[in-house]
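# Descriptive analysis of the structure
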Amino acid sequence: MTTISGIRQFLGNSRSFMLGAAIGSGMTARAAERAGADFVLALNAGRFRAMGGSSPASVLPIRDSNAFVASFGRSEILRSTRLPVFFGACTFDPRLDLEDFLDKLKRWGFAGVTNFPSVIHLDEHRRTVLESCGLGYAREVELLVKAARRGLMTIAYTRTQFEARRMVEAGVEAISMNFNLNPAETGLSSSSIGLSELAARTRDIARAVHAIDRNVVCLLGGGPITKPEELMDVCRETGTQGFIGGSSLDRVPLEMSVLEMTSGFKTINVLREKVDLLERQLQLNGYRHGIVARSASMNNALDAAKRLATGTNPVLIVGEPGTGKRRVASLVHSLGAHKHRKPVVFPCRPSPGNQNAVALFGLEADKDTRRRISVLETATDTSLIILHVNDLTEEGQQQLADFLETGTFTPVNGVTSNRSEAKVIATCTASAGTADDMLPIGPRLRAAFAGLEIHLPPLRDRLEDLPALVHHFTVETRGDAGTVALAIENSAFLALASHSWPGNVRELRHVVEQLATLPTSVQITADRLQPIIGTKAVSKETAGLSEREWIIEALRRNKLHRGKTALALGLSRKTLYNKIRKLKILN
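For clarity, every value in this text was computed on a predicted model and none was experimentally measured.

Cut-offs and rules
Residues numbered from 1 in each chain as written. Predicted model: local features only at pLDDT ≥ 70, side-chain atom pairs only at ≥ 80, totals over all residues. Heavy atoms only, no water. Helix = DSSP H or I, 4+ residues; strand = E, 2+ residues; numbered from the N terminus. Buried < 20%, exposed > 50% of the residue type's maximum accessible area, 1.4 Å probe, protein only. Areas by Shrake-Rupley, 256 points an atom, 1.4 Å probe, with all protein chains shown as cover. Core = buried A, V, L, I, M, F, W, Y, C linked by side-chain atoms within 4.5 Å. Contact = heavy atoms within 4.5 Å. Phe/Tyr/Trp six-rings, centres within 6.5 Å; stacked < 30°, edge-to-face > 60°. Pairing = 2+ DSSP bridges. Axes fitted to C-alpha atoms, helices over the stretch in contact; angles between N-to-C directions. Expected span 1.5 Å × (residues − 1). Parallel < 35°, antiparallel > 145°, perpendicular 65-115°, else oblique. Left-handed = near helix turned anticlockwise from the far one by under 90°. Nonpolar A, V, L, I, M, F, W, Y, C, P; charged D, E, K, R; others polar. Polar contact = N/O pair within 3.5 Å; in protein donor to acceptor, adjacent residues only side chain to side chain. Salt bridge = Lys/Arg side-chain N within 4 Å of Asp/Glu carboxyl O.

### Looking at the overall build of the protein chain
Counting secondary structure elements, the protein chain contains 25 helices and 15 strands. Counting the 587 residues in the protein chain, one finds 50% classified as buried. As presented, the protein chain carries roughly 28,100 Å² of accessible surface, and 53% of it is formed by carbon and sulfur atoms.

### What to know about the nonpolar core
Judged by nonpolar contacts, the single largest core of 76 residues is most densely connected at Val113 and Ile175. Sort the elements by how many residues they give to this core and helix α7 (residues 137–149) lands first, with six residues. If we skip the residues at most four places from it in the chain, Ile175 touches Ile155, Ala156, Thr158, Ala164, Val168, Ile205, Val209, Val216, Val217, Cys218 and Leu219. If you look at the next biggest cluster of nonpolar residues, it comprises 35 residues, including Ile488, Leu508, Ile580 and Ile585.

### Quick look at the packing of aromatic side chains
Under the definition given, this model contains eight aromatic pairs. Geometrically, the ring pair formed by Phe87 and Phe101 is edge-to-face, given 5.5 Å between the ring centres and 75° between the ring planes. Residue Phe87 is found in strand β3 (residues 85–89), and its partner Phe101 is found in helix α5 (residues 98–108); the two are separated by 14 residues along the sequence. Both residues of the pair, Phe87 and Phe101, count as buried. One aromatic cluster in this structure is built from Phe48, Phe68 and Phe72.

### Here we look at the pairing of strand β9 (residues 315–319)
Of all five residues in β9, five are buried; the element is thus mostly enclosed. Taking every second residue as pointing to the same face, both faces of β9 are buried, with Val315, Ile317 and Gly319 on one and Leu316 and Val318 on the other. Examined bridge by bridge, β9 and strand β14 (residues 423–429) share five bridges and lie parallel to one another. Paired with Ile317 across the strands is Thr427, a residue of β14. The sheet contact formed by β9 and strand β15 (residues 453–455) spans three bridges and is parallel. Counted as the bridge partner of Val318 is His455 from β15.

### Looking at the sheet that holds β15
Taking strand neighbours across the sheet as the criterion, the five strands line up as β10-β11-β14-β9-β15 in an open arrangement whose pairing is parallel. The sheet is open, and its two edges are formed by β10 (344–347) and β15, each paired on a single side. In this sheet, neighbouring strand axes are inclined to one another by 20° on average, regardless of whether the strands run parallel or antiparallel. When strand β11 (residues 383–387) meets β14, the two strands line up parallel, connected through four bridges. Among the inter-strand pairings, Ser383 is bridged to a residue of β14, identified as Lys423. The strands touched by helix α14 (residues 325–334) within the sheet are β9, β10, β11, β14 and β15, with β14 carrying the most contacts at an inclination of about 165°.

### So, helix α24 (residues 562–569)
Every buried residue of α24 is listed here: Gly563, Thr565, Ala566, Ala568 and Leu569. Buried residues in α24 make contact with α19 (466–478), α20 (490–498), α23 (547–557) and α25 (573–582).

### Concerning α7
In a regular helix each residue adds 1.5 Å, so 13 residues correspond to 18 Å; α7 covers 19 Å between its end C-alpha atoms and thus fits that length. Looking at the buried side of α7, the elements it contacts are β3, α5, β4 (112–115), α6 (124–132), β5 (153–158) and α8 (161–170). Taken from the residues just after α7, Gly151 is the one with a positive phi, measuring 85°.

### Here's the deal with the packing of helix α21 (residues 504–516) against helix α22 (residues 526–533)
α22 packs onto α21 with a crossing angle of 130° between their chain directions and a minimal axis gap of 10 Å. Of the possible angle classes, the one that applies to α21 and α22 is oblique. Crossing angle aside, the handedness with which α21 passes α22 is right-handed. For the pair formed by α21 and α22, the contact residues are Val511, Gln514 and Leu515 on the first element and Leu529, Ile532 and Ile533 on the second. Split into classes, the residues belonging to the contact of α21 with α22 amount to five nonpolar, one polar and no charged.

### A short note on unusual backbone geometry
Phe116 connects to Pro117 through a cis peptide bond whose omega is 0°. Looking at the element boundaries, Pro117 is found in the loop between β4 and α6. In this structure, Asn413 is a non-glycine residue whose phi angle is positive, near 70°. One can find Asn413 in the loop between β12 (408–409) and β13 (418–419). A relative accessible area of 59% places Asn413 in the exposed class.

### Some thoughts on the side chain of Ser118
Mapped onto the secondary structure, Ser118 falls in the loop between β4 and α6. A distance of 2.7 Å separates a polar atom in the side chain of Ser118 from a polar atom in the side chain of Glu140. Those residues in contact with Ser118, other than ones at most four positions away along the chain, are Phe92, Tyr137 and Glu140.

### Looking at the sheet that holds β4
Sheet architecture is closed into a barrel: eight strands sit in the order β1-β2-β3-β4-β5-β6-β7-β8, paired in parallel fashion. For this sheet, the mean inter-axis angle between neighbouring strands, taken without regard to orientation, is 25°. Here three bridges tie strand β2 (residues 39–42) to β3, and the two strands are oriented parallel to one another. From the neighbouring strand, Ala42 faces β3, where its bridge partner is Phe87.

### A word on the pattern of salt bridges
Using the criterion set out here, one finds 19 salt bridges in the structure. Residue Arg327 pairs with Glu476 through a salt bridge whose shortest N-O separation is 3.5 Å. Residue Arg327 is found in helix α14, and its partner Glu476 is found in helix α19; the two are separated by 149 residues along the sequence. A relative accessible area of 24% means that Arg327 is categorised as partly exposed. Overall, Glu476 belongs to the partly exposed group, its relative accessible area being 34%. Via salt bridges that share partners, Glu99, Asp103, Glu142, Lys146 and Arg150 belong to a single interconnected network.

Printed below as a string of structure tokens:
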């Protein structure tokens, strides 16, 4: 392992050759460490490559770059490698408070900072616009200067001698000479610069840098280098002291490997069988915990649950009342390292005083009270599921934030810190449309969970799941996996789909429990449903959507796939086809 102090010594040793991996996933971080990389850069470009995109996507306004990097950097990369990790920070956002942002990076455990994506990667017109707004290269210099003051290491992305001089004069420890971003085609690099020109420009910048400070390390960053032999030729000519690889370390070898492996699997049909098995396992993971996910929004939540379940990182599950937060919390535990141990569940209850904090963190003994063991102590080496974390007092939330950042806590009235290895999985109840920065928890606790949230959609936004949820709750109520499905007429199903569901999945479950007690021969109509859901029967005249609009909306949601649309509406394919013809929907 290369320690931070070791890296600093390494940076000052001009005879050493350094290798940095500019990546976007924990898997690549582990592989880079095993292969001998000296440090890791968590960059949005690496994540876009892992998602099937390309490095140039890093400069497009696709996402909030810093929040994006914080999400996978904290949940995957920091927890997957012992190497120093540099945070690829973007300064384009005028709302970014550099001081507060850098404090968070240091608190989260990043060893250094680099200015990526940089204005050097933009075309001349867009760069000019940012420079005129005070969001140009000078702000990137300011970022790295303030990072160095906090003890963070710095690597500066540069493209010209002028930019390199500015960074060196500001005190950066290393520069990365980066002349273009590679596109996504295997084996190809941008045609904007060739290897001979790359060598000449690299040599000129290195000389300009070392004329100011011989201790600054000059690294070559990325394209058009794609092969080790190309790097060797350039380094021989320029004396470059290291290389930061992006596409050349992850995308290019991965694509070649996938091409070869897929071709081999294709001949024996193994790949298809493995994919089918994986899909079945993913479905079962959810169904085993009473979670139905056919809609895209709920599947996104399950994907996040599977990603955040690994490792020791905390998890925050956010949703409206009744969206299934506790079930998802149990799923996260069952997919984690402690799945064979029973989780400890602690429900926070709204109460005056510090009763929740006493239970959660324990109570130190004094002359009047006995010592009370904390829930955190009993949950060490397993998961601690904290329900309704928003009901903790402000002081309790501060204590929990301290534990999430340090792994230690102090009992109420105590002075000695205790350690717990519990994985915290918390739920937070939010009202409709609440943004992340407006969650009903304090800013410290929000920051501790930043990038580690699972957002559960309300039932009104996942109506595709209605038929499967109704059947699932029917099976649960009757206790028979082979039970006959409820005989719900179209008018009743339209009433279910038109209901606002303020109580979400929990409310639907109560409705189905009442319907499941009816004799199986009873047809469930809108009139029969009315007293149960507490609304008037929905008809073509009074519904928010007519039957034609209802079917059109379902077709739109399912991208005109008639089989999926029929399933979502609770109709047979033949019935749906007849209605499409009768209502002249696709004429």
